[in-house]
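# Residue-level structural notes
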Amino acid sequence: MKKNWLSCSLTFAAMLAFGVSALAQHGPAGAGTGRPTGTGPGSTGAPSGVGPGTSGRPADVGSTGMGDSSMGSQSPTSVLDNGKLNTSLTNALAKGGISVPGGNLQSACSGFKTLGQCIAAMHVAKNLDIPGGFDALKDKMTGTNAVSLGKAIQQLSPNAKAKAESKKASKQANHEVSAAESTS
């Protein structure tokens, strides 16, 4: 009799242990049905900081496609106060066949929100041989009625593929700013 009682007790304890484990994994009866949290309409299933509100990019990426830690996403005035970086970036642009308007990068980039936008505009002016050059792009992209680089390209060179050219120039700018950062 004691042997039977011990066997039943051990069986009951094992069933109770497995039952609690299963309940912990799936929740109460009926609660385990449906979609897991973070899936379905309105959810990207992506990590936080990435999703529809951020165009699938991490939250710290600016309009030039450069992260906030990059000098390309900072104000040209503050970044170009570093004389060594200014010289390094001017030299990098010259190697790419771009002469800085007026010979002074800081004054050429004044008015732009970010250094990356300015450098990208210089690339677009060279790549597309924009009528009026960099100054025409700068006039469109700065001031009270400022437009994006893509819109400025559309207005100044209607036959160009504005989105592709803007993206290409932003990559070129990112590359040169990164190279200048590493040498300064």
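This section reports on the structure supplied with the text. (Residues numbered from 1 in each chain as written. Predicted model: local features only at pLDDT ≥ 70, side-chain atom pairs only at ≥ 80, totals over all residues. Heavy atoms only, no water.)

### Side note on the overall build of the protein
From N to C terminus, the protein includes eight helices and zero strands. Along the protein, from the amino end to the carboxyl end, the secondary structure elements read α-α-α-α-α-α-α-α. Buried residues in the protein amount to 31% of all 184 residues. Of the roughly 11,400 Å² that the protein leaves accessible, carbon and sulfur atoms contribute 56%. (Helix = DSSP H or I, 4+ residues; strand = E, 2+ residues; numbered from the N terminus. Buried < 20%, exposed > 50% of the residue type's maximum accessible area, 1.4 Å probe, protein only. Areas by Shrake-Rupley, 256 points an atom, 1.4 Å probe, with all protein chains shown as cover.)

### Considerations on the packing of aromatic side chains
Under the counting rule described, the total for this entry stands at one aromatic pair. Plain terms: the ring middles of Phe 112 and Phe 134 are 5.8 Å apart, the flat faces sit at 25 degrees to each other, and that makes the pair stacked. Of the two residues, Phe 112 is situated in the loop between α4 (105-108) and α5 (115-128) and Phe 134 in helix α6 (residues 133-141); the sequence distance between them amounts to 22 residues. The same class applies to Phe 112 and to Phe 134, which are both buried. (Phe/Tyr/Trp six-rings, centres within 6.5 Å; stacked < 30°, edge-to-face > 60°.)

### Quick look at the packing of α5 against α6
Taken N-terminus to C-terminus, the directions of α5 and α6 make an angle of 135 degrees; their axes are 8 Å apart at the nearest point. The orientation of α5 with respect to α6, classified from their angle, is oblique. In terms of crossing hand, the pair formed by α5 and α6 is right-handed. The segment α5 lies against α6, with Gln 117, Cys 118, Ala 121, Met 122, Val 124 and Ala 125 engaging Gly 133, Phe 134, Leu 137 and Met 141. In terms of residue class, the contact of α5 with α6 is made up of eight nonpolar, two polar and no charged. (Axes fitted to C-alpha atoms, helices over the stretch in contact; angles between N-to-C directions. Parallel < 35°, antiparallel > 145°, perpendicular 65-115°, else oblique. Left-handed = near helix turned anticlockwise from the far one by under 90°. Contact = heavy atoms within 4.5 Å. Nonpolar A, V, L, I, M, F, W, Y, C, P; charged D, E, K, R; others polar.)

### Considerations on the state of the cysteines
For the structure on display, the rule yields one disulfide. Each sulfur of the disulfide joining Cys 109 and Cys 118 lies 2.0 Å from the other. With the S-S dihedral at roughly -75 degrees, the linkage between Cys 109 and Cys 118 falls on the left-handed side. For the pair Cys 109 and Cys 118, a shared accessibility class is recorded, and that class is buried. (Disulfide = S-S within 2.5 Å.)

### Things to note about helix α8 (residues 162-183)
The end-to-end C-alpha distance of α8 is 32 Å, a good match for the 32 Å that 22 residues give at a rise of 1.5 Å each. Where α8 is buried, its residues contact α3 (83-95), α5 and α7 (149-156). (Expected span 1.5 Å × (residues − 1).)

### Points about the environment of Leu 80
Among the structural elements, Leu 80 can be located in the loop between α2 (76-79) and α3. On a C-alpha basis, the gap between Leu 80 and Ser 107 in space is 9.7 Å, while along the polypeptide they are 27 residues apart. Apart from the residues within four sequence positions on either side, Leu 80 is in contact with Asn 86, Leu 89, Leu 105, Gln 106, Cys 109 and Leu 115.

### Some remarks on the nonpolar core
If you look at the biggest cluster of nonpolar residues, it comprises 31 residues, and the most contacted ones within it are Leu 89, Leu 105, Ile 119, Met 122, Phe 134, Leu 137 and Leu 149. Elements with a minimum of two residues in this core: α3, α4, α5, α6, α7 and α8. Among the elements that make up this core, the one with the highest residue count is α5 (eight residues). Excluding residues within four positions of it along the chain, Met 122 makes contact with Leu 93, Ile 98, Val 100, Pro 101, Leu 105, Ala 108, Cys 109 and Phe 134. (Core = buried A, V, L, I, M, F, W, Y, C linked by side-chain atoms within 4.5 Å.)

### Focus on the packing of α5 against α8
Look at α5 against α8: their axes get within 8 Å of each other, and the N-to-C directions meet at 120 degrees. One way to sum up the angle between α5 and α8 is to call them oblique. The element α5 and its partner α8 pack so that their crossing is right-handed. Judged by residue contacts, Leu 115, Gly 116, Ile 119, Ala 120, His 123, Val 124, Asn 127 and Leu 128 of α5 engage Glu 165, Lys 168, Ala 169, Ser 170, Gln 172, Ala 173, Glu 176 and Val 177 from α8. Grouping the amino acids of the contact of α5 with α8 by side-chain chemistry returns eight nonpolar, five polar and three charged.

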